[in-house]
Amino acid sequence: MSLGVALEGGAMRAMYTQGVLDVWMDEDIRVDGMVGVSAGACVGPNLFSKQRSRGLRYNKQYMGDPRNVGLRSLITTGDIVNREFSYYRITRELDPFDEAAFERYGADFYAVATNVDTGEAEYLKVTNVFEQIEAIRASASMPFVSRFVEYEGKRYLDGGIADSIPVRACLNLGYDRNVAVLTQPADYRKGPMNTRLIRACYHKHPALCRTLMERHERYNRQMEDVAQLERAGKIFVIRPAQSLHVKRLEKDPEALQRVYDQGVADARAHAGAAGVSGSVRHSP
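Note that this is a predicted model, so its numbers are computed, not measured. (Residues numbered from 1 in each chain as written. Predicted model: local features only at pLDDT ≥ 70, side-chain atom pairs only at ≥ 80, totals over all residues. Heavy atoms only, no water.)

Turning to the state of the cysteines, a few remarks are in order. For the structure on display, the rule yields 0 disulfides. In this model Cys 42 remains outside any disulfide bridge; the closest cysteine sulfur is found in Cys 170, 18 Å from its own. In this structure Cys 209 is not part of a disulfide, and its nearest cysteine sulfur, from Cys 201, lies 8.9 Å away. (Disulfide = S-S within 2.5 Å.)

Structure (structure tokens):
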């Protein structure tokens, strides 16, 4: 049976997701396709390259590095997450991504990004992380603290603006079983964003403004949809039981480790469950 996976984002809450993926590596779970959004798109490829704990490792080491994330990068480049250091130097030099292993795995991977001009989600297929790192960067470029990312002639921002929980996109790809890895508890609901800030920053982009203003409504509908799909047995969901209590750009290595450890614990607790069972393991 084929297995599809949808990964929510949430900046450093994605260390929870990295923990889940590491357990799947340990259990030799075969994933045939993945749709990742924002930070989920950043850590997701590590499953296919079989680089256990990679997302945790480089974030623990470099989140506190001013070359990577912070006010200096925002002032000097317009991006709070530094493009050259975070997406290019770490990926190619400091903690190199194993592109050859990613390609050998042979799964489909999609990064969700929000089209600035339409306000809608687009699902960018990534077959080579090095060559298409801008698609992943687009997916994770947070509004208000990131410039638009140009990719294949279009402008994008964070995929979580338009599709925070890409479960429906995963279902539409036609896998036999589908798992959602969320980084918020089941009872979490999002509140509205600051409309004055949205208008001040993006008044020249009305479609993006509209989507940002509706983001909390979209997200909350998706949470209800996930609950209904889960009750109907159409998806299996792994999520924290309570809030992870971690900052979006958390720099404390101990806090990152704690969130990761929770993901590991929850994934192990669900080992053998209907959505992630021996039926989707690699063949011996």
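Attention now goes to the packing of helix H11 (residues 206-213) against helix H12 (residues 215-231). The interhelical angle for the contact between H11 and H12, taken along N-to-C directions, is 50 degrees, at an axis separation of 4 Å. By the angle between their axes, H11 is oblique relative to H12. Here H11 contributes Thr 211, Leu 212 and Met 213 to the contact with H12, which in turn contributes Arg 215, His 216 and Arg 218. Considered class by class, the residues forming the contact of H11 with H12 number 2 nonpolar, 2 polar and 2 charged. (Axes fitted to C-alpha atoms, helices over the stretch in contact; angles between N-to-C directions. Helix = DSSP H or I, 4+ residues; strand = E, 2+ residues; numbered from the N terminus. Parallel < 35°, antiparallel > 145°, perpendicular 65-115°, else oblique. Contact = heavy atoms within 4.5 Å. Nonpolar A, V, L, I, M, F, W, Y, C, P; charged D, E, K, R; others polar.)

Predicted confidence across the protein chain gives a mean pLDDT of 95, with 95% of residues reaching 70 or more. In this model, residues 278-284 is a region of pLDDT below 50 whose contacts with residues beyond four sequence positions or in other chains number 14 contacts. (pLDDT = per-residue confidence, 0-100.)

Looking now at the nonpolar core. In terms of nonpolar packing, the biggest core is built from 57 residues, with Trp 24, Phe 48 and Phe 109 touching the most fellow members. Looking at this core element by element, the count peaks at 8 residues for helix H1 (residues 14-27). For Phe 48, the contacting residues outside a window of four places in its chain are Val 31, Met 34, Ala 101, Phe 102, Tyr 105, Ala 107, Asp 108 and Phe 109. If you look at the next biggest cluster of nonpolar residues, it comprises 20 residues, including Tyr 110, Ile 165, Val 226 and Leu 229. (Core = buried A, V, L, I, M, F, W, Y, C linked by side-chain atoms within 4.5 Å. Buried < 20%, exposed > 50% of the residue type's maximum accessible area, 1.4 Å probe, protein only.)

Along the chain, Lys 251 turns up in the loop between strand E8 (236-238) and helix H13 (253-269). For the pair Lys 251 and Gln 61, spaced 190 residues apart in the sequence, the C-alpha separation amounts to 9.1 Å. What Lys 251 contacts, discounting residues up to four positions off in sequence, is Met 63, Gly 64 and Val 69.

So, about the pairing of strand E2 (residues 33-37). Judged by how many residues are buried, E2 sits mostly within the fold: 5 of 5 residues are covered. The side-chain alternation of E2 yields two buried faces, one formed by Gly 33, Val 35 and Val 37 and the other by Met 34 and Gly 36. Where strand E1 (residues 3-7) meets E2, 4 bridges bridge the pair, whose relative direction is parallel. Paired with Leu 7 across the bridge in E2 is Gly 36. Tracing the backbone out of E1, into H1 and back to the parallel element E2 gives a crossover that is right-handed. (Pairing = 2+ DSSP bridges. Right-handed = clockwise from strand over helix to strand, strands pointing away.)

On to the pairing of strand E4 (residues 121-125). As paired strands, strand E3 (residues 108-115) and E4 are joined by 5 bridges and run antiparallel to one another. Each residue of the ladder has a partner; that of Ala 113, found in E4, is Glu 122.

Mapped onto the fold, Glu 250 is located in the loop between E8 and H13. Although buried, Glu 250 forms no salt bridge, and the nearest oppositely charged side chain, Lys 247, lies 5.1 Å from it. Here the side chain of Glu 250 touches Asp 252 through a polar contact of 3.1 Å, landing on its backbone nitrogen. Apart from residues lying up to four places away in sequence, Glu 250 is in contact with Met 12, Met 63, Ala 255 and Leu 256. (Lys, Arg positive; Asp, Glu negative; His and termini not counted. Salt bridge = Lys/Arg side-chain N within 4 Å of Asp/Glu carboxyl O. Polar contact = N/O pair within 3.5 Å; in protein donor to acceptor, adjacent residues only side chain to side chain.)

With that out of the way, let us pick up the side chain of Arg 54. Within the secondary structure layout, Arg 54 lies in helix H4 (residues 54-62). Separated by 3.0 Å, the side chains of Arg 54 and Asn 46 make a polar contact. With residues near it in sequence (within four places) discarded, Arg 54 still touches Gln 18, Asn 46, Ile 90, Thr 91, Asp 95, Pro 96 and Phe 97.

Right, let's talk about helix H6 (residues 83-94) for a bit. The terminal C-alpha atoms of H6, which comprises 12 residues, lie only 14 Å apart, well short of the 16 Å expected from a rise of 1.5 Å per residue. The set of residues buried in H6 consists of Phe 85, Ser 86, Tyr 87, Tyr 88, Ile 90 and Thr 91. The elements touched by buried residues of H6 are helix H2 (39-43), H4 and helix H8 (133-139). Capping the start of H6, Asn 82 holds a side-chain oxygen 3.2 Å from the backbone nitrogen of Glu 84, two or three residues further along. (Expected span 1.5 Å × (residues − 1).)

With that out of the way, let us pick up the pattern of salt bridges. Across all of its chains, the model carries 20 salt bridges by this definition. Measuring nitrogen to oxygen at the nearest pair gives 3.3 Å for the salt bridge that ties Asp 108 to Lys 125. Highlighted residues: Asp 108 in strand E3 and Lys 125 in strand E4, separated in sequence by 17 residues. Glu 120 serves as the salt-bridge partner of Arg 218, at 3.6 Å between the closest nitrogen and oxygen. Of this pair, Arg 218 sits in helix H12 while Glu 120 is found in the loop between E3 and E4, placing the two residues 98 residues apart along the sequence. Judged by relative accessible area, which is 17%, Arg 218 ranks as buried. Among the residues examined, Glu 120 registers a relative accessible area of 36% and is labelled partly exposed. Several salt bridges share partner residues, and in doing so they unite Asp 79, Arg 83, Glu 84, Glu 134, Arg 137 and Arg 147 into one network.

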